Amino acid sequence: MSKSSKPPKTPDGRMSLGDHLRELRNRLVKSALAVVVCTIAAAFFKDRLLHFLMSPLPACLPNGQPKPGVKHCAQIAVIGVTQPFNLTLKVCVTAGLVAAVPIWLYQLWAFVSPGLHKHERRYSLTFLGLGTPLFLGGVTCAYLLMPTTIEVLGSFTPIGASQILPVENYLNIATRMLLVFGLAFEFPLLLVMLNLGGVLTGKRMLGWWRGMVMAITIFAAVATPSADPVSMLALAAPIWILYFLAVGFALLNDRRRRRRNPDADLSDEEASHVDLSVEEVAGAESVAAGGPETASAAPVASVPPARHSYADDDVT
């Protein structure tokens with residue numbers, strides 16, 4: 001990392017491409033260190049974390065029958081010698097990513113904020129205050145949908161066959177859903193960041209609403225491993241709502257910018273509006289001849305014309 005905490009800037013406040021890359025490297029290293037520290041801390045609670053993630057599994061009773069109120073059950077198994085270590089590492093890293101959300105979100109904002117104006121940088125605390133609950137809200141939504149997902153996937157088990165569920169397969173689905181749901185809930189906040197940076201306008205975001213709704217729906221269908229519409233809508237509906245809230249915020253922010261600067265929405269290639277209207281010229285003022293200035297003027301003595309004498313050798 002560079003020795004100085006802040007990269008050098010030119011007198012007009014701009015940074016070179018190399019300075020941007022070094023700044024990005026510093027932010028990524030700090031985020032990675034935060035995740036590593038949180039992962040090490042989560043390793044001390046690995047048993048609780050494993051039990052927390054595996055609680056949605058429909059485990060069978062000792063007699064092989066499902067629990068009361070559960071249609072299907074599965075025999076949970078760990079296959080392989082190295083699988084317990086790999087599962088523990090995966091769970092701890094996932095917990096480290098979730099626990100370090102405020103830190104790597106701040107590093108992301110710190111990398112983007114130099115391109116904003118001073119009055120726009122005050123949104124840092126608001127960004128962190130909204131980004132962290134949104135990510136945790138997505139993780140919570142994924143965890144609550146986990147029993148429904150496992151039940152729908154288990155319903156395809158043939159009648160009379162006993163299902164053996166490797167823990168590795170389940171944890172792969174669980175960790176993917178937790179991270180995907182958490183990052184998906186950050187998408188509207190990313191749009192707000194782009195609007196504050198002047199990259200996207202609220203009018204353009206509103207014009208994309210049909211494509212956005214379709215794209216969010218397709219993303220929810222791909223991100224959820226189960227084929228039931230309940231899980232898909234549980235992911236898509238909150239993102240739809242958050243997207244339109246982001247559009248509303250962008251429209252209000254654009255209106256505030258236009259109030260301060262009418263040319264705020266113009267791109268670098270567009271010229272600002274020039275007022276070419278002709279204003280009426282007031283009539284000329286008449287000045288009376290022989291005014292007091294003329295009367296008070298002192299008479300000027302007449303000067304006799306000067307006489308020049310020329311010598312005989314002068315040339316005229």
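Residues numbered from 1 in each chain as written. Predicted model: local features only at pLDDT ≥ 70, side-chain atom pairs only at ≥ 80, totals over all residues. Heavy atoms only, no water.

Draft legend 1. Layout of the packing of helix 3 (residues 83–99) against helix 6 (residues 167–184). Their axes nearest at 11 Å, the elements helix 3 and helix 6 cross at an angle of 10 degrees. In terms of orientation, helix 3 lies roughly parallel with respect to helix 6. On the side of helix 3, the interface is formed by Q83, L87, K90, V91, T94 and L97, while helix 6 contributes V167, E168, L171, N172, T175 and L179. Class assignment for the residues of the contact of helix 3 with helix 6 results in 6 nonpolar, 4 polar and 2 charged. (Axes fitted to C-alpha atoms, helices over the stretch in contact; angles between N-to-C directions. Helix = DSSP H or I, 4+ residues; strand = E, 2+ residues; numbered from the N terminus. Parallel < 35°, antiparallel > 145°, perpendicular 65-115°, else oblique. Contact = heavy atoms within 4.5 Å. Nonpolar A, V, L, I, M, F, W, Y, C, P; charged D, E, K, R; others polar.)

Draft legend 2. Summary view of the side chain of Q83. Structurally, Q83 is set in helix 3. Note on Q83: relative accessible area 15%, which makes it buried. Excluding residues within four positions of it along the chain, Q83 makes contact with V78 and E168. (Buried < 20%, exposed > 50% of the residue type's maximum accessible area, 1.4 Å probe, protein only.)

Draft legend 3. Summary view of the side chain of D254. Inspection of the secondary structure puts D254 in helix 10 (residues 229–260). At 2.5 Å, the side chain of D254 and the backbone nitrogen of G202 are in polar contact. Every residue in contact with D254, bar those within four places of it in the chain, is listed here: N195, T201, G202 and K203. (Polar contact = N/O pair within 3.5 Å; in protein donor to acceptor, adjacent residues only side chain to side chain.)

Draft legend 4. Representation of the environment of G131 in the model. Secondary-structure assignment places G131 in helix 5 (residues 124–154). Discounting chain neighbours no more than four positions away, the residues touching G131 are L105, E186 and L189.

Draft legend 5. Up close: the nonpolar core. Formed by 49 residues in total, the largest nonpolar core has its most connected members in F127, Y170, L171, F181, M205 and L235. Of all the elements in the fold, those that place two or more residues in this core are helix 2 (46–54), helix 3, helix 4 (101–112), helix 5, helix 6, helix 7 (187–196), helix 9 (209–223) and helix 10. Aside from chain neighbours lying at most four places away, what touches F127 is L105, W109, L189 and M193. (Core = buried A, V, L, I, M, F, W, Y, C linked by side-chain atoms within 4.5 Å.)

Draft legend 6. Spotlight on helix 6. Across its 18 residues, helix 6 extends 25 Å between first and last C-alpha, which sits within 8% of the 26 Å expected from 1.5 Å per residue. Within the sequence span of helix 6, burial applies to V167, Y170, L171, A174, T175, M177, L178, F181, G182 and A184. (Expected span 1.5 Å × (residues − 1).)

Draft legend 7. How the structure looks around the pattern of salt bridges. On inspection of all chains with the given rule, the structure shows 2 salt bridges. Between R27 and E23 there is a salt bridge whose closest N-O contact spans 2.9 Å. You can see R27 and its partner E23 sitting in helix 1 (residues 17–43), 4 residues apart, about one turn around the helix. Judged by relative accessible area, R27 falls into the buried class, the value being 15%. Across the pair D47 and K46 runs a salt bridge, and its minimum N-O distance is 3.3 Å. (Salt bridge = Lys/Arg side-chain N within 4 Å of Asp/Glu carboxyl O.)

Draft legend 8. Structural context of a nonpolar patch on the surface. Together, L17, L21, L24 and L28 give the surface a local cluster of nonpolar side chains, amounting to about 410 Å² of exposed area. Looking at the secondary structure, you find L21 in helix 1. (Patch = residues over 30% accessible without salt bridge, like charges linked within 9 Å, V, L, I, M, F, W, Y side chains within 5 Å. Areas by Shrake-Rupley, 256 points an atom, 1.4 Å probe, with all protein chains shown as cover.)

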